[in-house]
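# Architecture and fold: a report
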Amino acid sequence: MHSLPTQAPAPFIRAVGRGLPSHYVPQEQLISAFRALWATKHFNLERLEDLHRAVNVSGRFLAVPVDQYPSMVTFQQRNDAWIRVATELGEKVVREALDKAGLTPRDVDHIFFVTVTGLATPSIEARLTNRLGFRNDIKRTPIFGLGCVAGAAGTARAADYLRGFPGHTALVLSVELCSLTLQREDLSIPNIIASGLFGDGAACVVMQGAEAKSKGPRVVASQAVFYPDTERIMGWDVVDTGFKVVLSAKVPQLVSDHIRRNVDDFLAPHGLKRSDIRHWVAHTGGPKVLQSFEDSLELPKNALARSWNSLNEVGNLSSASVLFVLSEMLDSQEAKPGDWGVMMAMGPGFCAELVLLRW
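Residues numbered from 1 in each chain as written. Predicted model: local features only at pLDDT ≥ 70, side-chain atom pairs only at ≥ 80, totals over all residues. Heavy atoms only, no water.

- UniProt lists a comment for the protein under the heading Sequence similarities (unreviewed entry), and it reads "Belongs to the thiolase-like superfamily. Chalcone/stilbene synthases family." (UniProt positions renumbered as here; feature names shortened; annotations may be inferred.)

### Side note on the layout of surface pockets
- Of the voids in this model, the largest pocket is the one considered here, and its volume is about 720 Å³.
- The wall of the largest pocket is formed by 36 residues, among which Cys-178, Ser-179, Thr-181, Leu-182 and Ser-195 lie closest to the centre.
- Of the residues belonging to the lining of the largest pocket, the class tally is 23 nonpolar, 10 polar and three charged.
- By volume, the second largest pocket is sized at about 570 Å³.
- Elements represented by at least two residues in the lining of the second largest pocket include exactly α2 (45-54), α6 (189-197), α7 (251-267), α8 (287-297) and β12 (340-347).
- Among the residues making up the lining of the second largest pocket, the classes are represented as 21 nonpolar, five polar and two charged. (1 Å grid on protein atoms, 1.4 Å probe; cavity = no way out; pocket = protein on both sides within 12 Å on 5 of 7 lines; lining within 4 Å. Points joined across faces, edges and corners; volume = space filled by probe spheres on them. Nonpolar A, V, L, I, M, F, W, Y, C, P; charged D, E, K, R; others polar. Helix = DSSP H or I, 4+ residues; strand = E, 2+ residues; numbered from the N terminus.)

### With respect to empty space enclosed by the protein
- In this structure the tally under the stated criterion is one cavity of 30 Å³ or more.
- As a volume, the largest cavity reaches approximately 50 Å³.
- Along the walls of the largest cavity sit Phe-75, Arg-78, Asn-79, Trp-82, Thr-117, Leu-180, Thr-181, Gln-183, Thr-241, Gly-242 and Phe-243, which together make up its complete lining.
- Among the secondary structure elements, those contributing two or more residues to the lining of the largest cavity are α3 (75-101) and β10 (242-247).
- A per-element tally of the lining of the largest cavity places α3 first, with four residues.

### Concerning the environment of Ala-10
- Checked against the element boundaries, Ala-10 lands in the segment before β1 (12-19).
- Residue classification places Ala-10 among the buried positions, given a relative accessible area of 11%.
- Put simply, Ala-10 and Val-108 are 98 residues apart on the chain and 18 Å apart in space, counted from C-alpha to C-alpha.
- Ignoring anything within four residues of it in the chain, the contact list for Ala-10 reads Arg-163, Ala-210, Arg-218, Val-219 and Val-220. (Buried < 20%, exposed > 50% of the residue type's maximum accessible area, 1.4 Å probe, protein only. Contact = heavy atoms within 4.5 Å.)

### A closer look at the UniProt feature "domain: Chalcone/stilbene synthase C-terminal" (unreviewed entry) in the protein
- The sites that UniProt annotates as "domain: Chalcone/stilbene synthase C-terminal" (unreviewed entry) are residues 221-358.
- Helix and strand shares over residues 221-358 are 38% and 28% respectively, and the end C-alpha atoms of the span are 10 Å apart.

### Remarks on α7
- Here α7 is 17 residues long and its end C-alpha atoms lie 23 Å apart, about the 24 Å a rise of 1.5 Å per residue gives.
- Bending of α7 peaks at approximately 40° at the position of His-258.
- Restricting attention to buried positions, one finds in α7 the residues Val-251, Pro-252, Leu-254, Val-255, Ile-259, Asn-262, Val-263, Phe-266 and Leu-267.
- Packing partners of the buried residues in α7 comprise β8 (218-226), β9 (234-239), β11 (279-282), α8, β12 and β13 (351-358). (Expected span 1.5 Å × (residues − 1). Bend = angle between axes of the 7 residues up to and from the residue.)

Given below as structure tokens:
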């Protein structure tokens, strides 16, 4: 693995907008709903409660009211709901992000759209082009399948683009409606854990090339890391009823085995060590994943406090999670000029994505 400082001027992150559906449900109410759903399946209901409480999530925001889920029995019904809500929520966070940056849809040259929870052709960013009034020469890059890593990966790919077009503005839009993928007949442990861990949400990052001379952190470099022969660690099996989760218990161990070396190798060409990083923006993969990040990287106490808080408040939002944490960090205005930060996430492949930030 190599990571070399780029010679092209680093682009800026101008703003991040984030949004949640309006249907909030406390975790205890969701546990009750799942008890009722699976009580007739002879599933160990105490095990269900243990698994749901172990993920450290206090509640989640759902794409549709909780009492509507039982009526959506087919993949088409759930995917139709996904298209509708993803378009609405996507529009909301794009508008918020552009407003924060003092820009309009007409200023956008390229939009990267990431998701792993629904399918649409034309894709969601195409539908938003009509609703938001983007220019008709906007470039669109929809990315499906990167899962939890896609918030960081999308930011990195947008930065790569902006190095080639330093006068341009790009958006990274993530919409994940994990609740609409639930397989109600699947009583496997991975599905039970997923039903307690994953939530719904969207985020949008506004980025500009170096010519904009913007405020905000620069994306100095990025690094993708692919772990060979790990395809069954995380992902979907696409079945007649939609997306059936693949989620291995080996994920925290993979983090422990690799992330320290990955981060050290990433930082070294820039003359940096982990102790030089003041801001850590980590994907909220779950309590065991966050603990593995903390232990393996020997992070200071509270270094991942925003990630822990986000996990507790809204659950794991897949690709949107790391962007929620980034948004909260930027809004806090804690970073000082010259500070270094690392954004990191992991996802299907199995893979990691690291992004180096400089204020």
